[in-house]
Amino acid sequence: MSYFSDIYKGIKTLLTGMSVTGKYFLNSRKGAITQQYPDNRDSLKMFDRFRGEVVMPHDENNEHRCTGCQKCELACPNGSIEIIWDRKVDPETGKKKKMIEKHIYHLGMCTMCGLCIEACPTDAIKWAQNFENSVYDRSYLTRVLNKPGSRLKPGVEE
Amino acid sequence: METTTNNSNFKSEEYFINMGPQHPATHGVLRLLLTIDGEIIKKVEPDLGYIHRSIEKMCERDSYQQIVHLTDRMDYLSSHINNEAVCLTVENALQIEVPDRVKVIRTIIGELTRIASHCLWWGVMGMDVGALTTYFYGFRDREMINDIFEETCGARLTMNYNIPGGLMFDIHPNFVKRVKDFIAHFKTKLPEYDTLLTGNVIFQKRTKGVGILTKEDAISFGASGPVGRASGYSCDVRKHHPYSALDRVTFNEALKTEGDTFARYQVRIQEMWESLSIIEQLIDNIPEGDYKVATNAVIKLPKGEYYQKVETARGELGVYIISTGTKNPYRVKFRSPGFSNLSLLSHIAVGGKIGDLVATMATLDIVVPDIDR
């Protein structure tokens, strides 16, 4: 007797579970969360705090805000940031001043911890929301963040 | 078991097979050396080290701010709670009192992390015993939490939102609304979990009476988290040693006495309800104030030894730091919940079938990077 009641109970619990899936099957249009990713690239907007990669914004005069204080280099846990700097004559004051030649960022080593951006006293670097970082060679992941010919924005002090 | 060994026509022979390291049911690169007789398991030996990254040694190289992001990579499903553990240890050592706002936000995000982790576990648990549907339901609800994290912390999994002294930045203006939306959404979805899987007769047959862990064994193996609580061992760090804002909320510790796979399942479902209630108590009155207190750019802990334990989604995580007064710790030791929970697998899986081993492992909820570190 318990054999048949077991069969009945088994079918009943299966149908109970299927009532949930059946409900979603009938309402499949409503509340779908699947994103058609490569097709929705135009409308896809990441959250503004999303950590994609580190970039250095430049203004229209090709000026950045990096003074070369190397605080980001020190804060980085795994050496993703290298700063090559030199003392050069500042054209405005005529004094020698520490200036960056290259702000090198190794995206391939970066763990997106955000400590460099926390450490930056002049907000020279920030997060970009770009996440499509695949390249054919690892060397493309080493990036020089300051653009060629760029210079420090006047008035930015540490 | 007797029938196979005493059958006179066929001689049974013990033999050895590998389960893993690349096996979907081991949830990561864990290798189990099984000695089996037919389908009866005689011996289970976990073989570790396939994803060892020497995080503890790397901590000795890094400054105290830099240690935090390494703990993301241990138990990546409760990364926020891991970060919190390191930050609490450093803050206790420096005797910094963090603002109330920080405590409340840390607790809310910590409980959200726990729900997200249990959602993933629930989906994978169903999948391990043969119900693929649960995977999608669990991930659907986890996705909402991940969106909350992405908007506020900037990352979905390895958030690194805590810093010694507070939080990296303030919560996003949408945070409270999103969390409330999630609570309303999840309260309607959590009963579905029960309808879909808990009452299912196949699931119950697979889990009830399988992998029984007694309370004495749970204590002697150092089990913690839902694994210990399913055996009746009251071991919730949130209850016994409250940290952050957990001393100002009321919640019940989910306890079961059966100690089998089904009890561990029920404890985790119960914990999701409790976490929801903790978030509900806190979300409406997040105190105003600073989101961090200023610390020195170079943090030097006073000479001494410091220990702090927290309750991650898997159990008790302990952080033990020995400082000699320099900017790097002399030694960091993590007491990870996964390691001690895995150690009892070889005890409770013996005598069962291979299918039972998979179901048992699913409710131990192992995250292998947490075991190997």
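Bear in mind the structure is a predicted one, so any value in this text is a computation, not a measurement.

Focus on helix α3 (residues 64-71) of chain B
Now for step 1: Among the eight residues that make up α3(B), eight are buried, leaving the element largely enclosed by the rest of the structure.
Now for step 2: What α3(B) keeps buried is the set B:Tyr64, B:Gln65, B:Gln66, B:Ile67, B:Val68, B:His69, B:Leu70 and B:Thr71.

Describing helix α6 (residues 133-153) of chain B
Now for step 1: Under the 1.5 Å per step criterion, the end-to-end length of α6(B) is 30 Å for 21 residues, consistent within 8% with the ideal 30 Å.
Now for step 2: One or two steps after α6(B), the chain reaches B:Gly154, where phi turns positive at roughly 100°.

With respect to the domain arrangement of chain A
Now for step 1: Domain boundaries in chain A define domain 1 (2-34) and domain 2 (53-152).
Now for step 2: In this structure, domain 1 of chain A and domain 2 of chain A have C-alpha centres spaced 56 Å apart.

Examining the nonpolar core
All names here are of chain B.
Now for step 1: Ranked by size, the top nonpolar core spans 80 residues in total, and within it Ile108, Leu112, Trp122, Phe186 and Tyr265 carry the most contacts.
Now for step 2: When sequence neighbours within four positions are dropped, the list of residues in contact with Phe186 reads Ile115, Cys119, Asp141, Tyr193, Met272 and Leu276.
Now for step 3: Of all hydrophobic cores here, the second largest spans 23 residues; its members include Leu32, Ala223, Leu344 and Ile371.

Topic: unusual backbone geometry
Excluding glycine, most residues fall at negative phi; most peptide bonds, likewise, are trans.
All names here are of chain A.
Now for step 1: One non-glycine residue, Asp123, lies in positive phi territory at about 55°.
Now for step 2: Within the secondary structure layout, Asp123 lies in the loop between α3 (115-119) and β5 (126-128).
Now for step 3: On the accessibility criterion, Asp123 (56% relative accessible area) is exposed.

Regarding the pairing of strand β4 (residues 96-106) of chain A
Residues and elements named next belong to chain A.
Now for step 1: Pairing between strand β3 (residues 81-89) and β4: nine bridges, direction antiparallel. Opposite Val89, over in β4, you have Lys96 as the bridge partner.
Now for step 2: The hairpin turn running from β3 into β4, its antiparallel successor, is six residues long, and Gly94 in that turn takes a positive phi close to 80°.
Now for step 3: Summarising the sheet, β4 and strand β6 (residues 142-144) pair through three bridges and their orientation is antiparallel. Within β6, the residue paired with Tyr105 across the bridge is Arg143.

A look at the interface of chain B and chain A
Now for step 1: Taken together, the contacts link 34 residues of chain B with 25 residues of chain A.
Now for step 2: Across the interface of chain B and chain A, roughly 2500 Å² is buried in total on both sides, 56% from carbon and sulfur atoms.
Now for step 3: By the criterion of area lost to chain A, the three top residues of chain B are B:Gln66, B:Glu150 and B:Met168, representing 19% of everything that side buries.
Now for step 4: Put simply, chain B and chain A have 18 residue pairs in polar contact (both at pLDDT 80 or more) between them.
Now for step 5: Among the elements of the structure, α3, α6, α7 (175-198) and α8 (201-207) of chain B are those that each provide at least two residues to the side of chain B that touches chain A.
Now for step 6: Broken down by element, the residue count for the side of chain B that touches chain A peaks at nine residues, all from α6(B).

A short note on the sheet that holds strand β1 (residues 14-19) of chain B
Residues and elements named next belong to chain B.
Now for step 1: A sheet is described by the order of its strands in space; here three strands give the open sequence β1-β4-β5, paired in antiparallel fashion. The open sheet has two edge strands with one neighbour each: β1 and β5 (40-47). Neighbour-to-neighbour, the strand axes of the sheet open up by a mean angle of 20°, direction not taken into account.
Now for step 2: Pairing geometry for strand β4 (residues 31-37) and β5, over seven bridges, is antiparallel. Across the sheet, residue Leu32 finds its bridge partner in β5, namely Pro46.
Now for step 3: Packed on one face of the sheet, helix α15 (residues 354-364) meets β1, β4 and β5 and runs near 150° to β4.

Some thoughts on the sheet that holds β3(A)
Residue and element names in this part refer to chain A.
Now for step 1: One open sheet holds the three strands; their spatial order is β3-β4-β6, and the pairing between them is antiparallel. Edge positions in the sheet fall to β3 and β6, since each has one partner strand and no second. For this sheet the average axis-to-axis angle between neighbouring strands, irrespective of direction, equals 25°.

Topic: the pattern of salt bridges
Now for step 1: According to the stated counting rule, one finds 33 salt bridges over all chains in the structure shown.
Now for step 2: For A:Arg41, the salt bridge is made with A:Glu132, and the minimal N-O distance between the two is 2.9 Å. Taken together, the residues span a long stretch of sequence, with A:Arg41 in the loop between α1 (2-26) and β1 (53-55) and A:Glu132 in the loop between β5 and β6 at a distance of 91 residues.
Now for step 3: With a closest N to O distance of 2.8 Å, B:Glu143 and B:Arg156 form a salt bridge. Taken together, the residues span a long stretch of sequence, with B:Glu143 in helix α6 and B:Arg156 in the loop between α6 and β6 (162-163) at a distance of 13 residues.
Now for step 4: Overall, the relative accessible area of 28% leaves B:Glu143 in the partly exposed class.
Now for step 5: Salt bridges here are not isolated pairs; linked through shared partners, they connect B:Glu111, B:Arg114, B:Arg229, B:Asp236, B:Arg238, B:Glu271 and B:Glu311.

Observations regarding the packing of aromatic side chains
Any pair of aromatic rings gets described here by the distance separating the centres and the angle formed by the planes.
Residue and element names in this part refer to chain B.
Now for step 1: For the structure on display, the rule yields 15 aromatic pairs over all chains.
Now for step 2: On the numbers, 6.0 Å between centres and 85° between planes, the contact of Tyr135 with Phe136 is edge-to-face.
Now for step 3: With relative accessibility at 27%, the residue Tyr135 sits in the partly exposed group.
Now for step 4: Judged by centre distance (5.9 Å) and plane angle (85°), the ring pair of Phe186 and Tyr193 falls under edge-to-face.
Now for step 5: Over the aromatic face of Phe251 sits the side chain of Lys239, whose NZ or CZ is 4.5 Å from the ring centroid.
Now for step 6: Between the NZ or CZ atom of Arg268 and the centre of the ring of Trp121, over which it lies, the distance is 5.0 Å.

What to know about the environment of A:Ala75
Now for step 1: With respect to the helices and strands, the residue A:Ala75 is situated in helix α2 (residues 71-75).
Now for step 2: For A:Ala75, a relative accessible area of 16% translates into the label buried.
Now for step 3: The sequence separation of A:Ala75 and A:Gly108 amounts to 33 residues, and the corresponding C-alpha distance is 17 Å.
Now for step 4: Those residues within four positions of A:Ala75 in sequence are excluded, and the remaining contacts are A:Leu115, A:Cys116, A:Ala119 and B:Gln66.

Reading guide: rules and limits
- Residues numbered from 1 in each chain as written.
- Chains lettered and ligands numbered in written order.
- Predicted model: local features only at pLDDT ≥ 70, side-chain atom pairs only at ≥ 80, totals over all residues.
- Heavy atoms only, no water.
- Buried < 20%, exposed > 50% of the residue type's maximum accessible area, 1.4 Å probe, protein only.
- Helix = DSSP H or I, 4+ residues; strand = E, 2+ residues; numbered from the N terminus.
- Expected span 1.5 Å × (residues − 1).
- Domains from an automatic or database assignment.
- Core = buried A, V, L, I, M, F, W, Y, C linked by side-chain atoms within 4.5 Å.
- Contact = heavy atoms within 4.5 Å.
- Pairing = 2+ DSSP bridges.
- Buried area = accessible area lost by both parts, 1.4 Å probe.
- Polar contact = N/O pair within 3.5 Å; in protein donor to acceptor, adjacent residues only side chain to side chain.
- Axes fitted to C-alpha atoms, helices over the stretch in contact; angles between N-to-C directions.
- Salt bridge = Lys/Arg side-chain N within 4 Å of Asp/Glu carboxyl O.
- Phe/Tyr/Trp six-rings, centres within 6.5 Å; stacked < 30°, edge-to-face > 60°.
- Lys NZ or Arg CZ within 6 Å of the ring centre and 35° of its normal.

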